[in-house]
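Next come the chains, spelled out residue by residue.
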Amino acid sequence: MMKKSFLVLMLLFSLTLPFFAGCSGNQDADVHVFYYSYSDTYISSVRTALDKQLQNAGISYQDYDGNGSQTTQTEQIRTAVTKGAKAILVNIVNTGSDDAANEIATLAKDAGVPLIFFNREVSDEVIKSYDNCAFVGTRAEEAGILQGELIGEYLLANWKAYDLNGDGEISYVLFKGEEGNNEAIFRTKYSVEEANKKLIDAGKKPLKFYDSANKNGYLVDKNGQWSATAANEYMTTALTEYNTSNKNMIELVICNNDGMAEGAISALNAVGYNTGGNAPSIPVFGVDATDAAKSLIANGQMSGTIKQDATGMAAALLHLAQNALAERDLMTDTGEFTVDQNVRKLRIHYEKYVG
């Protein structure tokens with residue numbers, strides 16, 4: 001009998017383990033924070049900053065790792081709402097449509113729990129569907145525009161050094177973090193368009209994607225993880241054909257985030273490029289200004305990035321969470337933030353970073 005009871009307990013433990021494996025913090029917390037993936041470098045920096053700010057404010061909280069699965073994240077949210085969460089902050093996994101966001105908004109609305117989406121944008125319609133719902137994030141196009149400007153300015157200042165084959169054009173590879181995500185879409189679009197504006201205005205030819213057979217003009221992380229691994233694998237493969245020996249070396253690397261930039265740089269290191277000092281190098285640009293990226297820039301292995309303010313995002317989230325816990329309107333005293341007209345969306349601005 002005891003053996004049977006033990007087996008039942010072990011079975012129950014095994015069924016609940018996947019849920020708790022994605023969690024950290026206080027199970028009876030007031031604020032529950034749902035991250036799309038702990039593995040994302042920038043998201044990790046937001047989590048670190050927000051954890052610290054919540055602790056300093058004396059607010060109990062619970063973190064959850066969606067691990068890239070919308071099903072996992074939605075079930076985590078459902079459980080937290082059922083257990084009496086007083087506020088939920090959601091870095092949603094699936095941004096390809098409103099389906100997941102609408103389901104989460106309905107869960108929160110039905111339970112009367114304040115809901116704050118962040119970082120990965122949801123539509124205005126989702127936010128407006130529940131009067132105790134808001135969003136904290138960036139303007140999707142801003143990072144791409146600033147990155148493109150930075151690339152154009154950098155190339156014009158160093159044209160002869162990076163037009164390696166002297167053909168008057170700069171060939172590039174672009175690593176896209178995810179399909180169907182507005183941040184990735186606009187970073188991909190504007191990074192090239194804005195760089196080309198700078199080049200054309202200066203009498204130079206526009207950028208040329210290294211592989212003429214690729215009509216998209218980018219290589220995407222098929223798992224949607226914006227990962228260093230995906231960029232490293234793509235870059236390693238590309239360098240077997242496009243290299244100095246074949247006189248068609250890729251001359252520029254553009255990445256949707258710094259994690260992918262790190263992966264590309266690792267692949268370049270393996271063939272003797274971008275190792276720092278007097279070693280040969282090509283420009284590599286990312287987005288986020290992570291500590292790792294800042295170090296690579298300081299070491300001369302990376303050319304620049306666009307700062308996404310993790311601490312600023314955490315501060316905005318804390319402010320809204322405090323309003324929620326005090327049962328105030330979410331937008332109370334948000335005058336210090338940039339807020340969209342006619343929708344409850346707070347914007348955190350980007351900045352160029354070259355060290």
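Because the structure is predicted, anything quoted here is derived from the model rather than measured.

A.B. asks: Provide a residue-level description of the overall build of the protein, including the pertinent values.
C.D. replies: Scanning the protein for helices and strands turns up 12 helices and 15 strands. Relative to its length of 355 residues, the protein is compact, with a C-alpha radius of gyration of 22 Å against a globular reference of 20 Å. Its C-alpha atoms give the protein principal-axis dimensions of roughly 75 × 55 × 35 Å. The buried share among the 355 residues of the protein stands at 53%. In the protein, the proportion of contacts linking residues at least 24 apart, taken out of those at least 6 apart, comes to 71%.

A.B. asks: Outline unusual backbone geometry, supporting the account with residue identities and numerical values.
C.D. replies: Excluding glycine, most residues fall at negative phi; most peptide bonds, likewise, are trans. Even without being glycine, N119 reaches a positive phi, approximately 70°. Mapped onto the elements, N119 comes out in the loop between β5 (115-118) and α5 (124-128). With a relative accessible area of 10%, N119 lands in the buried category. One non-glycine residue, N342, adopts positive backbone phi at about 70°. Relative to the helices and strands, N342 is located in the loop between β13 (338-339) and β14 (345-347). Given the relative accessible area of 71%, N342 is considered exposed.

A.B. asks: Pulling in residues and values, what's your account of the environment of M260?
C.D. replies: Along the chain, M260 falls in helix α10 (residues 258-270). Measuring from C-alpha to C-alpha, the distance between M260 and G177 comes to 7.8 Å, with 83 residues separating the pair along the chain. Those residues within four positions of M260 in sequence are excluded, and the remaining contacts are F175, K176, G177, D221, W226, S227, A228, A231 and C255.

A.B. asks: Report on the pattern of salt bridges, specifying residues and quantitative values.
C.D. replies: Inspection of the entire model under this criterion finds 20 salt bridges. Residue E75 is joined to R78 by a salt bridge in which the shortest nitrogen-to-oxygen separation is 3.4 Å. Here R78 and E75 lie together in helix α3 (residues 70-82), a separation of 3 residues that amounts to about one turn. Measuring nitrogen to oxygen at the nearest pair gives 3.2 Å for the salt bridge that ties K197 to E194. Residue K197 and its partner E194 are located together in helix α8 (residues 182-201), separated by 3 residues, close to a single helical turn. Under the relative-accessibility criterion, E194 is labelled buried at 11%. Linked through salt bridges whose partners overlap, the residues forming this network are E121, D124, R139, D340, K345 and R347.

A.B. asks: Report on the nonpolar core, specifying residues and quantitative values.
C.D. replies: Membership of the largest hydrophobic core comes to 49 residues, with the highest contact counts inside it found for F175, L207, M235, L252, V253 and L268. Ranked by residues supplied to this core, first place goes to α10 with 6 residues. Dropping the residues within four chain positions of it, F175 is found in contact with L219, A231, Y234, M235, V253, I254, C255, N256, M260 and A264. Y35, Y36, A310 and I348 belong to the second largest nonpolar core, which has 36 residues in total.

A.B. asks: Tell me about the packing of helix α6 (residues 140-157) against α8, and please be specific about residues and values.
C.D. replies: It is at 6 Å that the axes of α6 and α8 come closest, and there the two elements cross at 30°. The pairing of α6 with α8 is recorded here as roughly parallel in orientation. By crossing handedness, the relation of α6 to α8 is classed as right-handed. Taken together, the residues of the contact of α6 with α8 break down into 10 nonpolar, 6 polar and 7 charged.

A.B. asks: Which residues make up helix α9 (residues 228-241), and what values go with them?
C.D. replies: With 14 residues, α9 should reach 20 Å at 1.5 Å per residue; the first-to-last C-alpha distance of 21 Å fits that figure. Listed as buried for α9 are A230, A231, M235, A238 and L239. Projected down its long axis, α9 carries its buried residues within an arc of 150°, all on one side. More than 90 degrees from the buried face of α9, the exposed residues found are T229, E233, T237 and T240. The inward-facing, buried residues of α9 contact β7 (171-176), β10 (252-255) and α10.

Rules and cut-offs
Residues numbered from 1 in each chain as written. Predicted model: local features only at pLDDT ≥ 70, side-chain atom pairs only at ≥ 80, totals over all residues. Heavy atoms only, no water. Helix = DSSP H or I, 4+ residues; strand = E, 2+ residues; numbered from the N terminus. Rg over C-alpha atoms; globule rule 2.2 N^0.38 Å. Buried < 20%, exposed > 50% of the residue type's maximum accessible area, 1.4 Å probe, protein only. Contact = heavy atoms within 4.5 Å. Salt bridge = Lys/Arg side-chain N within 4 Å of Asp/Glu carboxyl O. Core = buried A, V, L, I, M, F, W, Y, C linked by side-chain atoms within 4.5 Å. Axes fitted to C-alpha atoms, helices over the stretch in contact; angles between N-to-C directions. Parallel < 35°, antiparallel > 145°, perpendicular 65-115°, else oblique. Left-handed = near helix turned anticlockwise from the far one by under 90°. Nonpolar A, V, L, I, M, F, W, Y, C, P; charged D, E, K, R; others polar. Expected span 1.5 Å × (residues − 1). Arc of directions from axis to C-beta.

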